[in-house]
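# Structural overview for review
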Amino acid sequence: MIPEGIHWHSTAPSPPDCETLQGEQTADVVIIGAGLTGLRTAIPLAESGVDTAVLDAEKIGFGSSGRSGGQCNPIWRATPDDLRRKFGAQQAERLIKTTLASADDLFDDIRRYQIDCGAEQNGWIQAAHTRGQAGDLKQLHAAWADEGADIEVLSPSQTHEAVGSETYDFALHHAKGGFVQPMALTRGYAKTAQAAGARLYEQAPAQSVTKQGTKWRVTTPTGSITADTVVLTTNAYTDDLWPGLRQTMLPMYSISLATAPLTPEQQATVLPGRKTISDTRLAIYYARYDADNRLIFGCVGSNDSARTLGGVGRLLNGLHTVFPQLKDIRIETTWAGRIGVTQDMMPKMVEPAPGVLAGVGFSGRGIAMTSVMGRSLSRKILGGHNDDLPFPVSSITPIPFHSVSSRMVPLMAPSMAMKDRASVIWDQMTSASSKKEI
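Starting from 1, residues in each chain are numbered consecutively following that chain's sequence as written. The predicted nature of this model means local features are confined to residues of pLDDT at least 70 and side-chain atom pairs, given and counted, to a pLDDT of 80 or more, with totals for whole chains, interfaces and linings taken over all residues. To obtain the side-chain values, all non-hydrogen atoms of the structure were used and water was disregarded.

## Points about unusual backbone geometry
Even without a glycine there, the phi angle at Gln 203 is positive, about 50°. Checked against the element boundaries, Gln 203 lands in the loop between β8 (199-201) and β9 (208-212). Secondary structure counts use DSSP, requiring at least four H or I residues in a row for a helix and at least two E residues in a row for a strand, with both numbered from the N terminus.

## Details of the packing of helix α2 (residues 36-47) against helix α7 (residues 182-196)
For every element, the axis is a line fit to its C-alpha atoms; helices are fit only across the contacting stretch, and the angle between N-to-C directions ranges from 0 to 180 degrees. For the pair α2 and α7, interaxial distance at closest approach is 8 Å and the crossing angle is 25°. In terms of orientation, α2 and α7 fall into the roughly parallel class. Judged by the sense of rotation from one axis to the other, the crossing of α2 with α7 is left-handed. Residues Leu 36, Leu 39, Arg 40, Ala 42, Ile 43, Ala 46 and Glu 47 of α2 form the contact with α7, whose own contacting residues are Pro 182, Leu 185, Thr 186, Tyr 189, Ala 190, Thr 192, Ala 193 and Ala 196. Each residue gets one of three labels, nonpolar for Ala, Val, Leu, Ile, Met, Phe, Trp, Tyr, Cys and Pro, charged for Asp, Glu, Lys and Arg, and polar for the others, Gly among them. Its residues assigned to classes, the contact of α2 with α7 shows 11 nonpolar, 2 polar and 2 charged. Any angle between 65 and 115 degrees counts as roughly perpendicular, while under 35 counts as roughly parallel, over 145 as roughly antiparallel, and the rest as oblique. When the near helix sits turned anticlockwise from the far one by under a right angle, the crossing is termed left-handed; a clockwise turn instead gives a right-handed crossing. Two residues form a contact once any of their heavy atoms are found within 4.5 Å.

## Concerning the side chain of Asp 427
Inspection of the secondary structure assignment puts Asp 427 in helix α11 (residues 402-437). Here Asp 427 falls in the buried class, since its relative accessible area comes to 16%. In this view, Asp 427 contacts Thr 130, Arg 131 and Gly 132; residues no more than four positions away in its chain are not counted. Three labels apply to residues, based on accessible area from a 1.4 Å probe with only protein chains included: buried if under 20% of the type maximum, exposed if over 50%, partly exposed otherwise in between.

## Observations concerning the packing of aromatic side chains
Each Phe, Tyr or Trp ring, with Trp reduced to its six-membered ring, pairs with another whose centre is within 6.5 Å; inter-plane angles below 30 degrees give stacked pairs, above 60 give edge-to-face pairs, and intermediate values give tilted ones. The final tally for this structure, using the stated rule, is 4 aromatic pairs. Seen in terms of ring centroids, Trp 8 and Trp 335 are 6.1 Å apart; in terms of plane orientation they differ by 75°. Their pairing is edge-to-face. Placement of Trp 8 in helix α1 (residues 7-11) and of Trp 335 in strand β16 (residues 331-341) is noted, with a sequence separation of 327 residues between them. In this structure, Trp 8 and Trp 335 share a single accessibility class: buried.

## A short note on the sheet that holds strand β14 (residues 286-289)
Strand pairing in a sheet relies on backbone hydrogen bonds, with the paired strands running either antiparallel or parallel. Each pair of strands is called paired provided DSSP finds at least two bridges between the two strands. Strand order in this open sheet of 8 strands is β5-β6-β4-β13-β14-β15-β12-β16, and the pairing throughout is mixed. Since the sheet does not close on itself, it has two edges, and those belong to β5 (151-154) and β16, each with one partner. Going across the sheet, the axis of each strand differs from the next one's by a mean of 20°, ignoring polarity. Where strand β4 (residues 124-127) lies against strand β13 (residues 276-279), 4 bridges are found, and the strand directions are parallel. Within the sheet, the bridge partner assigned to Ile 125 lies in β13 and is Ile 277. In the packing of helix α5 (residues 131-145) onto the sheet, contacts are made with β4, β5 and β6 (171-174), and the angle to β5 comes to roughly 150°. The sheet strands contacting helix α9 (residues 311-322) are β12 (250-259), β15 (295-301) and β16, and the helix crosses β15 at an angle near 130°.

## Describing the nonpolar core
Take the buried residues of types Ala, Val, Leu, Ile, Met, Phe, Trp, Tyr and Cys, join any two whose side-chain atoms come within 4.5 Å, and each joined set is a nonpolar core. Judged by nonpolar contacts, the single largest core of 65 residues is most densely connected at Leu 39, Trp 76, Leu 83, Ile 110, Trp 144, Leu 185 and Tyr 189. When residues of this core are traced back to their parent elements, those giving at least two are β1 (23-32), α2, α4 (89-112), α5, α7 and α10 (366-381). For this core, the element with the highest residue contribution is α4, accounting for 7 residues. For Leu 83, the contacting residues outside a window of four places in its chain are Trp 76, Ala 78, Gly 88, Ala 92, Leu 95, Ile 96, Trp 144 and Met 346.

## Focus: the pairing of strand β17 (residues 348-353)
As judged from the 4 bridges shared by β17 and strand β18 (residues 356-360), these two strands associate in the antiparallel manner. Bridge pairing in β18 places Lys 348 opposite Val 360. Here β17 folds back onto β18, and the loop between the two strands holds 2 residues, one of which, Gly 355, carries a positive phi near 85°.

## Here we look at the environment of Ile 425
Tracing the sequence through the fold places Ile 425 in helix α11. Its relative accessible area of 47% is what places Ile 425 among the partly exposed residues.

Encoded structure:
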């Protein structure tokens, strides 16, 4: 049996030394959730002299930030015109401009703060698994290229060469894409925030947030912090601490495996340019290398274990489908993590009460967009106007019938995988029929 273990946790640089929250404390800002969003929010606050405290119920990066695929995929599934219709012209233009710069901004951050996180910006291949999806990607390319995005359409032969597989005949190449070791990035942000003066507390689950005059008091089992501003950055691991926030997204699951390191000969035939890849399946396949030349391969799972409802089988089937040359490679470990998915697949920056902010729901775009959200939250706290932020600031809007949908989540992965298989079979049948008619 393949062992379970979070690959990023065991291969990241050492974590920062954090404090234990004891007694009554005060701060200007208290951030609940020590993942990528919360820590990226803390850095500019601490650099600006704001007394900042960051709490996590577990360890730094315990949640999505230490479990994701670590791919920087810097374009939304929506087109710029979709964004204009949804948010209005001015808000959409800010979001579009920020999106186009998001990957470069992330890798610039990594260089500026000298974070050792295996960062490589070699590009992202977005591959179509059927001809119908190829048509959708062509439209996505045209829409974003018109805005100045650095995206190239790959021919079948270029796709085969870039991926190292003939599974896909059409793909887009996003030159700005790349990958990081996500737990290493998270710990790097933590150390940067700490060096700037932020206080980090682990094993400090927030139990309540209550109004105390003009301030807010956050209580934990061992102490409390009273602050002017509270920021909630718990994303897919959000509980009922703030009423309704958990209901703004569904907790989908990402499951991954790490192979043994590939030989130089294998590396020459599998993603030879060390680009990342994700495809258009509902139960999406994605892959990238780590710093030691292991291939990290993932898809959609059912809960916090990769073994549930055939998850490991889907992972292995996906790996062998896309990269049949790796059918005999040893698998070192598998793991799972949650993804906060909103109804419109866009993050939410919400202000449920004066002095309370939240940034959640990155819907599979977290490596690039948690950095955008963190900078946006800190900018607002430091006096920025809502009209200058890339994300609209809204109130909490729960997903209708959230409790019913949440109970169905474990069944979504096998259901989506079945639909994907059916779409591939139909695509092959119609392709064969078309060739016969010709």
